[in-house]
Amino acid sequence: MNKTTKQATSFQERLPKTKNMFIPFIMSGDPTPEITVDMALTLQESGADVLELGVPYSDPLADGPTIQEAAGRAIEQGMNIRKAMELVPKMRDRGLTIPVVLFTYYNPVLQYGLDSLFQDLKDQDIDGLLVPDIPLEESEELKEKAHQYRIELISLVAPNSEARIKQIAQQADGFLYCVSSLGVTGERAALHPNIEAFLDQVKEHSNVPVAVGFGISTKEQVALLQQYADGVIIGSKIIKLMEEEHEALRDNGQKQSALARLQKQVTALIHG
């Protein structure tokens with residue numbers, strides 16, 4: 001909990017655990033909205049503790065090629081921020097109990113309108129919001145609205161922000177997203193050489209669970225990072241695994257087998 005006393009939110013109430021967390025990212029609408037719902041349930045069955053639900057955006061700053069391609073496919077499906085939010089009640093109706101964090105960019109947020117967005121986040125039973133392209137210094141209004149509507153605004157901190165780590169960590173809500181390496185998302189053969197020291201520094205100042213993402217793609221990386229962080233965030237690797245099953249996922253006769261294969265692969269990635 002934060003040092004500042006705060007009424008418990010649905011995020012904390014829904015969080016299964018705060019150690020060895022698994023936080024997967026999927027792109028809403030890729031390959032179809034219906035499969036996004038299926039995949040959310042599959043990831044929960046694979047041990048997911050929080051779901052990051054991406055909103056496709058035509059001009060992303062933090063996304064690497066894999067997630068950009070997924071966003072392109074989702075846009076072709078007509079997916080947007082409103083339709084992405086509307087998927088969550090369908091997930092809830094089918095048994096999704098873990099917190100859901102909407103991952104989007106600030107331009108769609110501004111176009112939507114802050115009050116309208118946060119009211120819809122609340123109405124659609126979404127627990128958190130992550131906006132990677134707004135710096136801490138410009139996020140005051142967004143954070144005020146998040147607190148007003150009891151939505152967790154997830155903060156990011158990167159290895160190059162040493163002077164600001166304490167400031168970012170102390171105001172974090174929900175969980176703190178630590179960027180494992182500079183650049184955009186995507187699978188990497190090696191992690192940042194100073195990742196352990198970086199995570200230790202972040203945890204020293206954070207009052208919420210510390211999760212690390214960007215580039216995590218092997219069970220060895222997961223096992224290493226679980227020693228230093230409270231959770232791992234995996235996106236590009238999961239999207240790649242889904243890409244391999246797109247044809248089967250779109251075939252009603254093969255979909256359940258494909259979901260079972262994905263569940264097995266994701267479980268092996270997280271639990272070895």
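Residues numbered from 1 in each chain as written. Predicted model: local features only at pLDDT ≥ 70, side-chain atom pairs only at ≥ 80, totals over all residues. Heavy atoms only, no water.

The protein chain carries the name Tryptophan synthase alpha chain in an unreviewed UniProt entry, which gives Pontibacillus salicampi as its organism. In its Sequence similarities (unreviewed entry) section, UniProt records this for the protein chain: "Belongs to the TrpA family." You can read under Subunit (unreviewed entry) in the UniProt record for the protein chain the words "Tetramer of two alpha and two beta chains." (UniProt positions renumbered as here; feature names shortened; annotations may be inferred.)

### Considering the overall build of the protein chain
Check the secondary structure of the protein chain and you find 13 helices and 8 strands. By the burial criterion, 58% of the 272 residues in the protein chain qualify as buried. Contacts in the protein chain between residues far apart in sequence, at least 24 positions, make up 75% of those at least 6 positions apart. For the protein chain, the accessible surface area stands at approximately 11700 Å², while carbon and sulfur atoms represent 46% of it. When the 26 basic and 38 acidic side-chain charges of the protein chain are each reduced to a single mean position, those positions are 4 Å apart. (Helix = DSSP H or I, 4+ residues; strand = E, 2+ residues; numbered from the N terminus. Buried < 20%, exposed > 50% of the residue type's maximum accessible area, 1.4 Å probe, protein only. Contact = heavy atoms within 4.5 Å. Areas by Shrake-Rupley, 256 points an atom, 1.4 Å probe, with all protein chains shown as cover. Lys, Arg positive; Asp, Glu negative; His and termini not counted. Charge placed at Lys NZ, Arg CZ, Asp CG, Glu CD.)

### Notes on the environment of Val131
One can find Val131 in the loop between strand E4 (128-130) and helix H7 (140-149). Linking Val131 and Leu156, residues 25 residues apart in sequence, is a C-alpha distance of 8.8 Å. With residues up to four places along the chain from it excluded, the contact list for Val131 reads Thr104, Tyr105, Tyr106, Val109 and Leu142.

### Comments concerning the side chain of Asp127
If you trace the backbone, Asp127 turns up in the loop between helix H6 (114-123) and E4. At a separation of 2.9 Å, a polar atom in the side chain of Asp127 contacts the side chain of Arg92. Within polar-contact distance, the side chain of Asp127 engages the backbone nitrogen of Val100 at 2.8 Å. Every residue in contact with Asp127, bar those within four places of it in the chain, is listed here: Ser10, Phe11, Arg14, Arg92, Ile98, Pro99, Val100, Ile151 and Glu152. (Polar contact = N/O pair within 3.5 Å; in protein donor to acceptor, adjacent residues only side chain to side chain.)

### As for the packing of helix H4 (residues 81-93) against H6
Axis separation between H4 and H6 bottoms out at 9 Å; the angle between their running directions is 20°. Between H4 and H6, the crossing angle belongs to the class labelled roughly parallel. Judged by residue contacts, Ile81, Arg82 and Met85 of H4 engage Leu117, Asp120 and Leu121 from H6. Each residue belonging to the contact of H4 with H6 can be placed in one class, and the counts come to 4 nonpolar, no polar and 2 charged. (Axes fitted to C-alpha atoms, helices over the stretch in contact; angles between N-to-C directions. Parallel < 35°, antiparallel > 145°, perpendicular 65-115°, else oblique. Nonpolar A, V, L, I, M, F, W, Y, C, P; charged D, E, K, R; others polar.)

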